[in-house]
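Descriptive structure summary
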Amino acid sequence: MTKLIFEKSKPGRISANIPSLTNEQLKPINDYIPENYVRKDIAKLPEVSEVDLIRHFSELARRNFSIDSGFYPLGSCTMKYNPKINEQVARFERLTKLHPKAPEEQVQGALEIMFILGEYLKEISGFKAITLQPAAGAHGELTGLLMIKKYFEKLGDKKRTKVLVPDTAHGTNPATAGMCGFKVIEIKSNSKGQVDLESLKNNLDEEVAAIMLTNPNTLGIFEEDILTISKMVHKVGGLQYYDGANLNAIMGIARPGDMGFDVCHLNLHKTFSTPHGGGGPGAGVVCCNEKLEAFLPIPILTKDKRGKYFWNYDKKDSIGKIKAYYGNFGMFVRALAYIWANGKEGLKQVSFDAVLNANYLKNKLKKDFDLPYDINCMHEFVLSGNRQKKQGVSTLSMAKRLLDFGIHAPTIYFPLVVQEAIMIEPTETESKEELDNFVTIMKQVAGEVISKPDFVNGAPYNTPVRRVDETQAARNLNLCWSLSCN
Ligand SMILES: *Cc1c(COP(=O)(O)O)cnc(C)c1O
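Report follows, based on the coordinates. Everything quoted here is computed from the prediction, not taken from an experiment.

1. Re the pattern of salt bridges
Evaluation of the coordinates by the stated rule reveals 30 salt bridges. Here Asp205 ties to Lys162 by a salt bridge, and the two come within 3.0 Å at their closest N and O atoms. Here Asp205 is found in the loop between helix 8 (197–203) and strand 6 (208–213), whereas its partner Lys162 is found in strand 4 (residues 162–166), with 43 residues between them in sequence. Among the charged side chains, a network of salt bridges with common partners joins Glu59, Arg62 and Arg63.

Laid out in structure tokens, this is it:
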């Protein structure tokens, strides 16, 4: 078996390691390196065979939990399966080898992919215009609120200093509003888990720039009064921002544009099955109506009369660029593959199945846990671990115990309006068998809370890393890559 011998980096300044450069050429770089950063010993690199190397990385990969290794009911994060065909398409060399600075006439196909995707997303969300640039949901929110800010600046309306955010909102909403310089006003939700119209009315005035709403909200509940809310906000001259990170519940059935919203972001890495988190990068595209179109980031992808695509930079009211180049292109390819693979009826079916799966789990689990809002949910629902907390076991401990069964914990302690919250989103890509398996495990954990609470409080037992001291981890952050580098 061949050994992989890594070239040892020698003591001293950079020289032989970059054979294409002469010492003369390297001198300016070397002069720049402070003495204490110059290597004094030969680097200790391992000498291992290929099979050892592969086993090492495979072992590390196995320790990583992903949707490909098990059920991942992380509420609000929509961890649905990412079909592998999307990955194959995104890896076509003719797409991966493109240079972002290539002239438009040489990349018409890539531009067409982005254009067609944009058309579909406009149709799905019910809006007139789109930018694909933002790299995440939070980035989309920033884009949308900057556009709203510019809209009022353009009108010469200087009093719009407030953004309304319901108490069930995702944390990124108030953070974004704050970052854009707005005052964040919290709107209470009512006993049905929806925006309280009284609370809204009391906070609506000519200082309101916008309300940021998620619908269905993060309790998984559809805002029945959405049309009334839109009318109320527009009546005082405010705009409506739709947090469409998760469109899983309503895709193909209802559209934010039709609910009276002016602008929204959609997370391709949630609803449109492109990878998440460590598998990212993300894409938080922003769609808007004619009121806000002029303020979209430049450049705008445009099709001329002869059917050629080009980047239009000639938009004097644009908020400017929001990201390098045009957004995360690989994600656009995956999302379009997903839309085409499902088709119009398929996308609608996604929503039906996501809602059905969530309601199935909710009904199966509502006897074993508290259910603060016992009404039909949309793509997710929120249980409370209050009953178990009284037995001395917190939601956190139950979430840790689930890891022992190869299940990723649901989102916990969010939304904040539910104590000991357990927010479950199964998504449409799970089978009935998998859902039933989850129900059995959740019931077992609920049983263990009664029969052996201390055991649950010590979980997890089967994971590569056992229970960590979260307070210590936050206070004494140690980012060493190996135990020996302490
Ligand atoms: C995930 C999510 C966001 C933020 O999206 P990121 O891509 O993580 O920045 C915003 N709002 C809601 C409701 C979400 O679920």
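2. Regarding the site of the ligand
The ligand sits among 13 residues. The nearest are Ser76, Gly137, Asp243, His269 and Lys270. The separation between an oxygen atom of the ligand and a polar main-chain atom of Ala138 is 2.8 Å. A distance of 3.1 Å separates an oxygen atom of the ligand from a polar atom in the side chain of Asn246. Within the complex, the protein chains bury 86% of what would otherwise be the 380 Å² of accessible surface of the ligand. For the shell around the ligand, the element with the highest residue contribution is helix 6 (residues 137–155), accounting for three residues.

3. Here we look at the sheet that holds strand 14 (residues 421–424)
Taken in spatial order, the three strands line up as 12-14-13 in an open sheet, and their pairing is antiparallel. The strands lining the two open edges of the sheet, one partner per strand, are strand 12 (381–384) and strand 13 (411–412). Across four bridges, the pairing between strand 12 and strand 14 is antiparallel. The partner of Val382 across the bridge, within strand 14, is Met423. The strands touched by helix 10 (residues 329–365) within the sheet are strand 12 and strand 14, with strand 12 carrying the most contacts at an inclination of about 20 degrees.

4. Comments concerning the pairing of strand 5 (residues 183–187)
Strand direction decides the pairing type here: strand 4 and strand 5, joined by five bridges, are parallel. Note that in strand 5 the partner of Val163 across the bridge is Val184. Considered for its hand, the β-α-β crossover made up of strand 4, helix 7 (residues 172–179) and strand 5 is right-handed.

5. A closer look at the state of the cysteines
Enumeration over the complete set of coordinates arrives at zero disulfides. For Cys180, which is in no disulfide, the shortest distance to another cysteine sulfur is to Cys288 and amounts to 15 Å. Summary of cysteine pairing: Cys288 is not part of a disulfide, and the nearest cysteine sulfur, belonging to Cys287, is at 7.8 Å. A residue is classified by how much of its surface remains accessible, and Cys288, at 0% relative accessible area, is buried.

6. Topic: the nonpolar core
Membership of the largest hydrophobic core comes to 58 residues, with the highest contact counts inside it found for Met114, Leu117, Leu121, Leu200, Leu268 and Phe272. Take this core: its biggest share by element is 11 residues, from helix 10. With residues near it in sequence (within four places) discarded, Leu268 still touches Leu117, Leu121, Ser273, Thr274, Ala283, Val285, Met331, Phe332 and Ala335. With 26 residues, the next largest nonpolar core counts Leu145, Val165, Cys180 and Ile300 among its residues.

7. Structural notes on helix 6
The terminal C-alpha atoms of helix 6 lie 27 Å apart, and with 19 residues this matches the ideal 27 Å at 1.5 Å per residue to within 8%. Along helix 6, the positions that sit buried rather than exposed are Gly137, His139, Gly140, Glu141, Leu142, Thr143, Gly144, Leu145, Met147, Ile148, Tyr151 and Phe152. Looking one or two places after helix 6, you find Gly156, whose phi comes out positive at around 75 degrees.

8. Points about the sheet that holds strand 3 (residues 129–131)
Within a beta sheet, neighbouring strands are joined by backbone hydrogen bonds and run either parallel or antiparallel to one another. Read from one edge to the other, the open sheet built from seven strands follows the order 3-9-8-7-6-4-5, with strand pairing classed as mixed. The strands lining the two open edges of the sheet, one partner per strand, are strand 3 and strand 5. Adjacent strand axes in the sheet meet at a mean angle of 20 degrees, parallel and antiparallel pairs treated alike. With four bridges connecting them, strand 7 (residues 239–244) and strand 8 (residues 263–267) associate as parallel partners. For Tyr241, the partnering residue across the bridge sits in strand 8 and is Val263.

9. Focus: the packing of helix 10 against helix 13 (residues 432–451)
Their axes nearest at 10 Å, the elements helix 10 and helix 13 cross at an angle of 30 degrees. Taken together, the axes of helix 10 and helix 13 lie roughly parallel to each other. You can see that helix 10 and helix 13 cross each other, and the crossing is right-handed. Contacts between helix 10 and helix 13 involve Asn357, Tyr360, Leu361, Lys364 and Leu365 from the former and Lys432, Leu435, Asp436, Phe438, Val439, Met442 and Lys443 from the latter. Here the residues of the contact of helix 10 with helix 13 are counted per class, giving seven nonpolar, one polar and four charged.

Definitions and cut-offs
- Residues numbered from 1 in each chain as written.
- Predicted model: local features only at pLDDT ≥ 70, side-chain atom pairs only at ≥ 80, totals over all residues.
- Heavy atoms only, no water.
- Salt bridge = Lys/Arg side-chain N within 4 Å of Asp/Glu carboxyl O.
- Helix = DSSP H or I, 4+ residues; strand = E, 2+ residues; numbered from the N terminus.
- Near = heavy atom within 4 Å.
- Polar contact = N/O pair within 3.5 Å; in protein donor to acceptor, adjacent residues only side chain to side chain.
- Areas by Shrake-Rupley, 256 points an atom, 1.4 Å probe, with all protein chains shown as cover.
- Pairing = 2+ DSSP bridges.
- Contact = heavy atoms within 4.5 Å.
- Axes fitted to C-alpha atoms, helices over the stretch in contact; angles between N-to-C directions.
- Right-handed = clockwise from strand over helix to strand, strands pointing away.
- Disulfide = S-S within 2.5 Å.
- Buried < 20%, exposed > 50% of the residue type's maximum accessible area, 1.4 Å probe, protein only.
- Core = buried A, V, L, I, M, F, W, Y, C linked by side-chain atoms within 4.5 Å.
- Expected span 1.5 Å × (residues − 1).
- Parallel < 35°, antiparallel > 145°, perpendicular 65-115°, else oblique.
- Left-handed = near helix turned anticlockwise from the far one by under 90°.
- Nonpolar A, V, L, I, M, F, W, Y, C, P; charged D, E, K, R; others polar.

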